[in-house]
Amino acid sequence: MRKDEIASRLAEVDARIAEACRAAGRGRDEVSLIAVTKTYPADDVRILAGLGVRDVGENRDQEAAPKARECAGLPLTWHFVGQLQTNKVRSVTGYADVIHSVDRSRLAEAVSKEAVKQGREIVCLVQVALDDDPGRGGAVLADVPALADLIAGAPGLRLGGVMAVAPLGEDPAKAFARLRDVAVAVQERHPRATMISAGMSDDLAEAIAHGATHVRVGTALLGRRKLFVR
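The rules we used
Residues numbered from 1 in each chain as written. Predicted model: local features only at pLDDT ≥ 70, side-chain atom pairs only at ≥ 80, totals over all residues. Heavy atoms only, no water. Axes fitted to C-alpha atoms, helices over the stretch in contact; angles between N-to-C directions. Helix = DSSP H or I, 4+ residues; strand = E, 2+ residues; numbered from the N terminus. Parallel < 35°, antiparallel > 145°, perpendicular 65-115°, else oblique. Contact = heavy atoms within 4.5 Å. Nonpolar A, V, L, I, M, F, W, Y, C, P; charged D, E, K, R; others polar. Left-handed = near helix turned anticlockwise from the far one by under 90°. Expected span 1.5 Å × (residues − 1). Buried < 20%, exposed > 50% of the residue type's maximum accessible area, 1.4 Å probe, protein only. Polar contact = N/O pair within 3.5 Å; in protein donor to acceptor, adjacent residues only side chain to side chain.

Turning to the packing of helix α5 (residues 105-118) against helix α6 (residues 144-153), a few remarks are in order. α6 packs onto α5 with a crossing angle of 10° between their chain directions and a minimal axis gap of 10 Å. Relative to α6, the element α5 lies roughly parallel. In this structure, α5 contributes Ser105, Ala108 and Glu109 to the contact, and α6 contributes Leu147, Leu150 and Ile151. Counted by class, the contact of α5 with α6 contains 4 nonpolar, 1 polar and 1 charged residues.

A word on the side chain of Lys67. Structurally, Lys67 can be placed in helix α3 (residues 61-70). Setting aside residues up to four positions removed in sequence, Lys67 forms contacts with Thr37, Lys38, Thr39, Tyr40, Pro41, Ala42, Val45, Glu58 and Trp78.

Before going further, it helps to examine the packing of helix α1 (residues 2-23) against helix α2 (residues 42-50). Helix-helix packing is described using two parameters, namely the angle between the two axes and the distance between the axes. Put simply, α1 and α2 touch, their axes get as near as 10 Å, and they point 55° apart. Looking at the two axes, α1 sits oblique to α2. Crossing angle aside, the handedness with which α1 passes α2 is right-handed. Counted together, Arg2, Lys3 and Ile6 of α1 and Asp44, Ile47 and Leu48 of α2 form the full contact between these two elements. Class assignment for the residues of the contact of α1 with α2 results in 3 nonpolar, no polar and 3 charged.

Attention shifts here to helix α7 (residues 172-189). Here α7 is 18 residues long and its end C-alpha atoms lie 26 Å apart, about the 26 Å a rise of 1.5 Å per residue gives. Those residues of α7 that sit buried are Pro172, Ala173, Ala175, Phe176, Leu179, Val182, Ala183 and Val186. On its buried side, α7 packs onto α6, β6 (157-163), β7 (195-197) and α8 (204-209). The N-capping residue of α7, defined by a side-chain oxygen 3.0 Å from the backbone nitrogen of Ala173, is Asp171.

Spatial relationships are all this shows, so hold off on functional conclusions.
Pasting the structure below:
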């Protein structure tokens, strides 16, 4: 039964997070699990919600928007964790409570404009590039302070903190250590921006060791992904 499978996987992931918190000398309540449900159906989201998961992540608007509508009655916080194009901002702003991938001023301004129009407050994280691959998104380190300031001052937005993806082929611990330094610098200017979104199924322990407050887990919870067809 799918519910039993997901419950078992959730227990395993929770145990991994708890162990990583213990190893880092942190409390389990310091780290939130975001269940990344891309390519999986609304039924899986309902199962996760029934098991107590409150944070759900998606990375493609064309999949996320209808899924969020189907699950509108559930007590969930929706996180948009994928790269976001400005032509998708109106749709994403309609359901996402947190956008993790704000990496340029034009995008922040577009989200702000739409949030005001829709009467919403959207928590935005600055996505930080920890490598030189522009295809993976992220603001270069030199641009992070100004982008954080822009988000913090924009109507309809609240600066939540920072997000990053560990570079391919690099020790994730070293990458997340760099992200932690960036997060500390952002918090010095914006003390309420305490979120550090880092770590996925394979590297959540390293992320937690370096201060992650939110880990984005899909595969370990729901299994290997299939191609999404709509």
